[in-house]
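Observations on chain architecture
Below, each chain spelled out in residue letters.
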There are 2 protein chains.
Amino acid sequence: MTKKFNSIERCDCNVIHEDIVNQARDKMAQEESLYDLAELFKVFGDSTRIRILWALHEAEMCVCDIAVLLNMTQSAISHQLRVLKQAELVKSRREGKIVFYSLEDEHVKQIFDQGLIHISEESK
Amino acid sequence: MTKKFNSIERCDCNVIHEDIVNQARDKMAQEESLYDLAELFKVFGDSTRIRILWALHEAEMCVCDIAVLLNMTQSAISHQLRVLKQAELVKSRREGKIVFYSLEDEHVKQIFDQGLIHISEESK
DNA sequence: TAGTTATATGAGCATTTATTCAAGTGTTTT
DNA sequence: AAAACACTTGAATAAATGCTCATATAACTA
């Protein structure tokens, strides 16, 4: 009854597997950008944003075109484009009244593809 | 004043860019698994889960080892391992009282790597 | 059998997030 | 200059999410 279940206490495993834990600790330190990585994937982890990216991979498009394509309001699309721009996944170009959006670079496609490989393996 | 701002109405662009929009529409139909893809990236889009995956890439580990490594409660880790397992990113193996978790396959690493490439490009 | 250890799980709570609504900016047209 | 158009933005709201706490389960141990 003295044991507090919800505290971060060491258990016997931690001692038994000490070398494994320390090894993993080194690996964690090695990659300090794991938080940035999570932020990047968070941007991909929304169906609206991923559909925008997928559409832009075909062609440069303006906000209202994307809106009708995804059957959503311009406002909603504009908000999400802002997120995508902050993540440096898309860039924009103004031509008069119209603002055209396109993919920032080619990595986007590669991140997509790796994900799709996993999806297709899953459904086997 | 008759214009409703927040409805999904066609604008002049949609007519002017008709072929581009239709082309993109074909591309959307082509990949009906975009929602699954978003779900996958959503799992990667959390720092706790991505650190778990990163740790497991080094070695198979039990729940309490991961907990001390990330300085979090066993409960929190267990909840996240459940999410990772449902996404088929990790698998588990029981050995007496202890449950060992490991990566389901090698795609995980590749998805990681693509993300890291983007991160490193960004910070240039 | 009772107690301990390792893990899982359901409910509750606080935070984040995606969308909507309303109002704004910037550009073109009349 | 005024109206129309394409887009942006801030506030509000509803839904989703991650963690905590308490409890449950499963395996081992005394």
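Check the entry above for the structure.
Treat the numbers as computed from the prediction; the structure is a model and nothing was measured.

For the rest of this paragraph, the subject is the nonpolar core. Judged by nonpolar contacts, the single largest core of 74 residues is most densely connected at Phe-44 of chain A together with Phe-44 of chain B. If near-sequence neighbours (up to four positions away) are discounted, Phe-44 of chain A is found in contact with Ile-50, Leu-53, Leu-89, Val-108, Ile-111 and Phe-112 of chain A together with Ala-38 and Phe-41 of chain B.

Here we come to the state of the cysteines. Following the criterion strictly, the structure yields two disulfides over all chains and no others. Here Cys-11 of chain A is linked by a disulfide to Cys-64 of chain B, with a sulfur-sulfur distance of 2.5 Å. Taking the torsion about the sulfur-sulfur bond, which here is approximately 60°, the covalent link between Cys-11 of chain A and Cys-64 of chain B counts as right-handed. On the criterion of chain membership, the pair formed by Cys-11 of chain A in the segment before helix H1 (12-16) and Cys-64 of chain B in helix H5 (residues 63-70) is interchain, its members lying in two chains. Overall, Cys-11 of chain A belongs to the partly exposed group, its relative accessible area being 21%. Sulfur of Cys-13 of chain A: no disulfide; nearest cysteine sulfur belongs to Cys-64 of chain B and is 3.4 Å away. For Cys-13 of chain A, a relative accessible area of 10% gives the class buried. We note that Cys-62 of chain B lacks a disulfide partner, and the nearest cysteine sulfur, in Cys-64 of chain B, lies 3.6 Å from it.

Listed by partner, the interface residues are 66 residues for chain A and 67 residues for chain B. Both faces combined, the contact of chain A with chain B buries some 6300 Å², and carbon together with sulfur accounts for 71% of it. At the boundary of chain A with chain B, the tally comes to two salt bridges. Of the charged contacts in the structure, one is a salt bridge between Glu-58 of chain A and Lys-27 of chain B, with a shortest N-O distance of 4.0 Å. Across the contact surface, chain A and chain B share 14 residue pairs in polar contact (both at pLDDT 80 or more). Counting only elements with at least two residues in the side of chain A that touches chain B, the list comes to H1, helix H2 (18-30), helix H3 (34-44), helix H4 (47-58), strand E1 (61-62), helix H5 (63-70), strand E3 (98-103) and helix H7 (107-122) of chain A. Counting residues per element, the side of chain A that touches chain B draws most heavily on H7 of chain A, at twelve residues.

Calculation criteria
Residues numbered from 1 in each chain as written. Chains lettered and ligands numbered in written order. Predicted model: local features only at pLDDT ≥ 70, side-chain atom pairs only at ≥ 80, totals over all residues. Heavy atoms only, no water. Core = buried A, V, L, I, M, F, W, Y, C linked by side-chain atoms within 4.5 Å. Buried < 20%, exposed > 50% of the residue type's maximum accessible area, 1.4 Å probe, protein only. Contact = heavy atoms within 4.5 Å. Disulfide = S-S within 2.5 Å. Helix = DSSP H or I, 4+ residues; strand = E, 2+ residues; numbered from the N terminus. Buried area = accessible area lost by both parts, 1.4 Å probe. Salt bridge = Lys/Arg side-chain N within 4 Å of Asp/Glu carboxyl O. Polar contact = N/O pair within 3.5 Å; in protein donor to acceptor, adjacent residues only side chain to side chain.

In short, geometric facts, not functional conclusions.
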